[in-house]
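Report on the structure
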Amino acid sequence: MREKIALAILFAAAVALPFLMRALDLPGGTGVATSILCLAFAASSLNLIIGHGGMISFGHAAYYGIGAYTVGILWEHFRQQEPIFGLIPGTDQLLITLPAAMLMAGLAAAVIGALSLRTSGVQFIMITLAFAQMLFFLFVGLKAYGGDDGMTIRRRNAVPGLDLRDIDQLYWLVLGVLCAWLFLQWRIVGSRFGRVLEGIRQNERRMRAIGISPYPYKLAAFVIAGMGAGAAGALMANYMRFVSPDIMSWQKSGEIMVVVILGGIGTLLGPVLGAIALQGLEFFLGGLTEHWAIILGPILVVVVLFGRGGIMALVNRLLGVRRG
Amino acid sequence: MAEPILEIAGLVKRFGGLTATDHLSLDVRPGEIHALIGPNGAGKSTLIGQLVGEIAPDAGTVRFLGQDVTRASVPARVKMGLGRSFQIVQLLDEETALANVALAVQAHAGHSFRFWRRADRDERLLAPARALLDQVDFPEPRRAARVADMSAGERKVLELAMVLAGAPRLLLLDEPMAGLGASESIRMTDTLRALKGGPAMLLVEHDMDAVFALADRITVLVYGRAIATGTAAEIRANPAVQEAYLAEEGA
Ligand SMILES: Nc1ncnc2c1ncn2[C@@H]1O[C@H](COP(=O)(O)OP(=O)(O)O)[C@@H](O)[C@H]1O
Ligand SMILES: [Mg+2]
């Protein structure tokens, strides 16, 4: 019950945020919040495979980046009125670019996952990282789309009935899509598929002994997570109106993973709280010193070593919720 | 004589210079409890590993229900009706007893690419899971306990319930009494006896009381080789067996 009330308050606060920012005369606040939600979105999708499936992918920014580039590339071809490979017309319609981003990221995850999931442990971490780096350098080399410098998206995508040039509307849109994703992920985690995924994380040998081959389930989860990250990237590209290979750098993969760990692995809202906390810490420490990363690093190490369950565990303790 | 459920022929497994399974041949007949005994390191667990598909043999064949399964994967064999328990129990430690068995029921009920309906309240899984826990006599008040908080005995019994969820034609039981107290061993013996006539069993066990109480036939394994197969009386009377194993056990 307390959990539900806390959730309702959190949701109400999230919806009211743009008004609050205007009341406090913080015009940039809503934009920052939008980027935090995008990061939380990417981290939530990673949480599905790390927290529930035990697959420690160190290349999740690749799918985030592919989602962002899908929006950028479709925009570029729309602007030039020149179909991709002379076949696929560009577009600035979010209702097309968002599913397209999920599709492209999902395809990449299917190929990379199919190969990587034949390994496990440290090898899996390294191979997912290696594939992400390959994609990173692929986009660095793609001069048609800005290469190293990235590409600018002059205008945010269009959505019937909305005007995304208005940051408040963009923020609400991102909030809505994120909530829809979290609801979907909550259903998946509680479903038969989710039970199998959880079983695979806890004991693969046991799962085989009851007749379940882990591989197809892991691959399906990996693809779903890739699609989530693709959607997050598409929204981020719209917010920034800019895409560059940096969005799929290994540092970005690390950041997404840190958000998951900080917020609480395997919890629904942990990644959201983790994203808020990480951005908050960066902002706060950045105000103190330009060498904020030197302080942030040890804080994260302490959370990883001693703060089992991350921020979400702390919140649950405060709410008096006992977790089974 | 009915066709055997399990037929092992000329099975060989080497670990470097050590031959853990040495040209082993034996069979398990329908309805039979076939006990496999032998000193530590005789190769009993290695044999189970090859039968279930976790370890690839170097030579020989394994036939299950008339089919050659020597190269089949673990899940494929389990789906055919092979069930196994582990010498060191393998369970989902963060889950309750009921959730563990419900997942085994789910695995047997078909594929799990179902993404929407809640599984933890699905009576189609929970009702059979409860029935299985009843069947193995798992105490009611402990069913909501997490595996991590269970005694060794409870874990062994829980694992048996998970194995039975697969409606196996053949059970491979690797020391089901290991780590159990005297009264728990007797209960486990009763539980296994109650299963008799259902799945055939290959029973690896050190508890001789249980073996002699349950087994139709006994095979004695020493250094990966079967030195004798026969009824309890025949095995007791076999001088080679006494020398290699029983005398040592009695000491
Ligand atoms: N993976 C392995 N690598 C090397 N040696 C092994 C391995 N597994 C088992 N062995 C050896 O094979 C022999 C048989 O082991 P095991 O099958 O566990 O015996 P048992 O179950 O009869 O006690 C032992 O000498 C053991 O040390
Ligand atoms: Mg053994």
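Residue indices follow the written sequence of each chain, beginning from 1 at its first position. The naming scheme follows written order: chains are lettered A onward, ligands numbered 1 onward. Residue-level local features of this predicted model are given only where pLDDT is at least 70; pairs of side-chain atoms are given and counted only at 80 or more, and the full residue set underlies all totals for whole chains, interfaces and linings. Hydrogen atoms and water are omitted, and side-chain values are computed over all heavy atoms in the structure.

**Quick notes on the domain arrangement of chain B**
Residues and elements named next belong to chain B. In this document the domain limits rely on a domain assignment from an automatic tool or a database. Entries for chain B in the domain assignment read domain 1 (1-81 + 170-188 + 200-251) and domain 2 (91-167). Each of domain 1 and domain 2 was reduced to a C-alpha centroid, and the two centroids are 27 Å apart. Here, two residues are considered to be in contact whenever any of their heavy atoms come within 4.5 Å of each other. Of the residues lining the interface, eleven residues belong to domain 1; the matching set on domain 2 comes to nine residues. The term buried area means the drop in 1.4 Å probe accessible area that two parts suffer when joined, counted for both and summed. Carbon and sulfur atoms make up 68% of the area that domain 1 and domain 2 hide from each other, which totals about 710 Å². Counting the surface domain 1 buries against domain 2, the share from its top three residues, Leu171, Arg187 and Met188, is 47%. Here a polar contact is recorded for every N or O atom pair within 3.5 Å, except that within protein the pair must consist of a potential hydrogen donor and a potential acceptor, and residues adjacent in sequence are included only if both atoms are side-chain atoms. At the junction of domain 1 and domain 2, the tally comes to one residue pair in polar contact (both at pLDDT 80 or more). Of all elements in the fold, only strand S7 (170-174) and helix H6 (182-195) reach the threshold of two or more residues within the side of domain 1 that touches domain 2. Note on conventions: DSSP H or I runs of at least 4 residues are helices, E runs of at least 2 residues are strands, and numbering of each starts at the N terminus.

**Here's the deal with the packing of helix H11 (residues 270-288) of chain A against helix H12 (residues 292-306) of chain A**
Residue and element names in this part refer to chain A. It is the contact of H11 with H12, at a shortest axis distance of 9 Å, that shows an interaxial angle of 140 degrees. By the angle class used here, H11 and H12 are oblique. Like other packed secondary-structure pairs, H11 and H12 cross with a definite hand, here right-handed. In this structure, H11 uses Leu278, Leu281, Glu282, Leu285 and Gly286 to contact H12, whose residues at the interface are Trp292, Ile295, Leu296, Ile299 and Leu300. Axis definition: a line fitted to C-alpha atoms, limited for helices to the stretch in contact. Angles are taken between N-to-C directions and run from 0 to 180 degrees. For classification purposes, angles smaller than 35 degrees are called roughly parallel, those larger than 145 roughly antiparallel, those between 65 and 115 roughly perpendicular, and all remaining angles oblique. By definition, turning the near helix anticlockwise from the far helix through less than a right angle yields a left-handed crossing, and turning it clockwise yields a right-handed one.

**So, the site of ligand 1**
Residue and element names in this part refer to chain B. Around ligand 1 lies a shell formed by Phe15, Leu18, Ala20, Pro39, Asn40, Gly41, Ala42, Gly43, Lys44, Ser45 and Thr46. The separation between an oxygen atom of ligand 1 and a polar main-chain atom of Gly43 is 3.0 Å. Between Thr46 and ligand 1, the recorded distance is 2.6 Å, taken from a side-chain N or O atom to an oxygen atom. All accessible-area figures derive from a Shrake-Rupley calculation using a 1.4 Å probe, and residue coverage is judged against the displayed protein chains alone. Protein burial of ligand 1: of its 560 Å² of free accessible surface, 57% is covered by the chains. Elements represented by at least two residues in the shell around ligand 1 include exactly strand S2 (18-28) and helix H1 (44-52). Looking at the shell around ligand 1 element by element, the count peaks at three residues for H1. Only a single heavy atom is needed: when it lies within 4 Å of a molecule or strand, its residue is near that molecule or strand.

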